[in-house]
Amino acid sequence: MEKKHSILLVEDANLVMHQITRILEDQNYIVYQAKNGAEGLEIAGEKIPDLIITDIMMPVMDGFELIKKLKADDRLKEIPVIILSCLDNDEDIVKGFSLGAFQFMHKPASSEVLIESIHSFLEYSSLLQEKKKHIERLNKKNEVSRILNWTAVYANNANNFKEALSDITGFICMTLKIDVCHVYLVENGKAVFQEKLALYSDESLAAQEMKKEYSDSSEKLHESPLIKEVLKTKNIHIVDSAEGKEASPEKNKDIHYQVAFPVIFNNSIVAVVEFMSSQKIDSCFGEKDICLENIGLQLGQVMERESYSREILKKNQELSELRENLVSMVIHDLKNPLSVITGTLEIWNSMDIFKQDEILAMQMDICQKSSVMLTDMVHEQLRLKKLEDGNYIPEFTEVDLVAIVEYIYFSNKEQFDESLEFKFNAQQNLPQLTLDEHLIRRTIQNMFTNALKFTTEGFLEITVNYDEKNEKVTIIIKDTGAGIKQEDIPHLFDRYYQAEQKRKGTSSYGLGLSFCDFAVKAMKGQIAVSSEIDKGSQFTLTIPTKKGKELCKPFIKM
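Model, not experiment: these values are computed from the prediction.

What counts as what
Residues numbered from 1 in each chain as written. Predicted model: local features only at pLDDT ≥ 70, side-chain atom pairs only at ≥ 80, totals over all residues. Heavy atoms only, no water. Helix = DSSP H or I, 4+ residues; strand = E, 2+ residues; numbered from the N terminus. Buried < 20%, exposed > 50% of the residue type's maximum accessible area, 1.4 Å probe, protein only. Contact = heavy atoms within 4.5 Å. Pairing = 2+ DSSP bridges. Axes fitted to C-alpha atoms, helices over the stretch in contact; angles between N-to-C directions. pLDDT = per-residue confidence, 0-100. Phe/Tyr/Trp six-rings, centres within 6.5 Å; stacked < 30°, edge-to-face > 60°. Patch = residues over 30% accessible without salt bridge, like charges linked within 9 Å, V, L, I, M, F, W, Y side chains within 5 Å. Areas by Shrake-Rupley, 256 points an atom, 1.4 Å probe, with all protein chains shown as cover. Salt bridge = Lys/Arg side-chain N within 4 Å of Asp/Glu carboxyl O.

Novice: Can you walk me through the overall build of the chain in this structure?
Specialist: Across its full length, the chain holds 14 helices and 19 strands. Counting across all 558 residues of the chain, residues that qualify as buried make up 42%. Taking all contacts inside the chain whose residues are at least 6 apart in sequence as the whole, residues at least 24 apart take part in 67%.

What follows is the structure in C-alpha cells.
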C-alpha cells in the first residue's frame, strides 16, 4: 500500500484554510492545520510532516519567524517549506528564499498550479531522500570495510590480547562515533567489567553522564541482561529501545541503543564487548552481523597466539632453570678436582726437575696459571649463583680503589693496541671506602676487560669520585669502542646473553656483566649504561659507601 504524504498548512484565514485543505485532501494528502507560526511549529515537532505550506502575515508568529525556527531545529530543518502569500514585493520574495523556503507562490493560487507544484516537489524530494539513503548505505559499507580491513591487519600482527581488545574496540568506537564501550573479560563463566578498557566519548553528554555514574559508584559494573544473554547463547545481541525492544536497565536514559558480541577462543567466550549509543547506528550491527562475528574471531586468534607464546615462554623458562641447575651442579662438582690439580701443579712447579728444563718449566707455568684461571671461573660462577639466589652476604672492608684500578691496568697492559690510550681520573686524596673488596675488584675487572675487548683505538678511561655528603662512590668506565645497539642494552646483564660481536676473535661465556649486575646490587648500588654504535660506551656504577680512616696513595698518571 502506497504511503500517504502529510502536509502542514499554516494559515490564519479560515476561508483560505478550508479551500486549500479540501484541495489537498481530494489528492489523498494528510493535512495538519495551524492558525499561526507558533502553533505550526508545535505541530511540526509532533507530526514531522513531509511538506509545510505557510502564509507570511499571521498573528503571534509570522511565516518568516516560523521558517527561521524550523531551520534551527535539527529534527525539522530538512522539511521543505512553500510560502503562499499575498505579498509580492521583491524584498519579501528574496527574504523567503534566503531563510530556506523551497518555493514562493502568490495568493490566490489556482488549485492546478498548487497541486502540480506539490506533486513535482514531493517527487523530487522522494528522489533526494532515496539518494541520501543510498549514500548513507554506501558510507556505512565503507565504514564497515574500513573496520574489517584495519582489524584484520592489526589482529594478524598482535600478540597481546588486552592491547588488541582495547585498540580494536577503540577504533570501532571512533569510526562509528559510538558513545560508550564496556569490555568484560569472562572468568569462570562470569563477565568481569574491565574499567581500564572502558571507552567514553568526550563529545556525548550521555557518555559523560554514564562515566560519572560509574566512577562515583562504589560497586563494580555488573552483568546487564544483554551481557548475560550473550554468555548464554554465544551470539551477538542488540537492544533498540527506539523500536520498542526492552532496553537494558542502564541509569542513563539517553542510552537507548546497545549491541554486545562475544570473543571466542577454544569454543569458549573469553570476553564480551558492549557498545552503547544515544543514537541508532543504523543497520551496521545486528544479531547476525558478520562484521562483529569476524572481529570476535580475530580477537580469539590473538588470544590463541598469546596463549601459545606464554606456553613457549614457560617451556623456555623451565629449560633455562634446568640448564642453570645442571651448570651449578657441574661447577660445584668441579671445585674439588680443580683444587687437587692446582695444588699438585704448584708442588710440581717448585721441584728442581721441572726448573732445570726451560721448555718444561714454561709449560708447567702455563698449566698452573690455566688451572688458577679455571678455579677463579668456578668460584665466580658459584658466587654468581649465590648472588642470584640472594644467599651471598657481602664482606665489607676498607678498600683502596686506586690500587685496584692500577693493578687491573698493569695486569692487562699487554693487550692494549698501540693506538689505544688508557686514562685514569680520580679525585686527589681519594679515601679508602667501605666495600666488598672481592665484589668491587671483580666488577671493575669484568667491565675493564669487556671494554678492552671491543676497543682498538681511541681511549679507555676509568673515573673514580667519592661524594662525601651523600656517601656514594661513582665509578665510570668509558671507551671509544664498537658501541652497543639500543635493543641489546636491556639484556646486557642477562646470563649467557651476548650482544653482536663487532671485534673479530672475541669470545665470552656471557657471565661477566651478569656478575657485575648482581655484585653491584648486593652492595645496594646501581649501574647505568649509555652507548652509541661506533662511538663507544659508558658504564656508570653508583654505590653507597662510607669513608675509611686512611687515605689512598696520591693518584699516579699513567
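Novice: Help me understand the sheet that holds strand β3 (residues 51-54) in this model?
Specialist: Adjacent strands of a sheet pair through backbone hydrogen bonds, lying either parallel or antiparallel. Spatial strand order, β2-β1-β3-β4-β5: 5 strands in an open sheet with parallel pairing. Two strands close off the open sheet at either side, each with one partner strand: β2 (30-34) and β5 (103-106). Adjacent strand axes in the sheet meet at a mean angle of 20°, parallel and antiparallel pairs treated alike. Each of β1 (6-10), β2 and β3 touches helix α2 (residues 37-47); the most contacted strand, β2, lies at about 145° to it. Of the strands in this sheet, β4 (81-85) and β5 touch helix α4 (residues 90-99), which is tilted by about 145° from β5.

Novice: Where do I start with the confidence of the model for the chain in this structure?
Specialist: Do not read the predicted coordinates in detail wherever pLDDT is low. Taken residue by residue, the chain gives an average pLDDT of 78. The fraction at 70 or more is 79%. Counted against residues more than four places away or in other chains, residues 501-510, with its pLDDT under 50, gives 25 contacts. Scored below 50 in pLDDT, residues 553-558 shows 11 contacts in the model against residues more than four places distant or in partner chains.

Novice: Sorry if this is basic, but what is going on with the packing of aromatic side chains here?
Specialist: One pair of aromatic rings is described through two measures. These are the centre distance and the angle between the planes. A full pass over the atoms with the stated rule returns 8 aromatic pairs. Judged by centre distance (6.1 Å) and plane angle (35°), the rings of Phe 261 and Phe 275 are tilted. Here Phe 261, found in strand β10 (residues 257-265), pairs with Phe 275, found in strand β11 (residues 268-277); they are 14 residues apart in sequence, far enough to count as distant. Both residues of the pair, Phe 261 and Phe 275, belong to the buried class. On the basis of an interplanar angle of 10° and a centroid distance of 4.4 Å, the ring pair of Tyr 409 and Phe 422 is categorised as stacked.

Novice: Even after reading the chapter, I still don't get a nonpolar patch on the surface, so can you show me in this structure?
Specialist: Residues Ile 347, Trp 348 and Met 351 make up a contiguous nonpolar surface patch of about 300 Å² in total accessible area. Its location among the elements puts Trp 348 in helix α9 (residues 290-349). Residue Trp 348 is classed as partly exposed on the basis of its relative accessible area of 41%.

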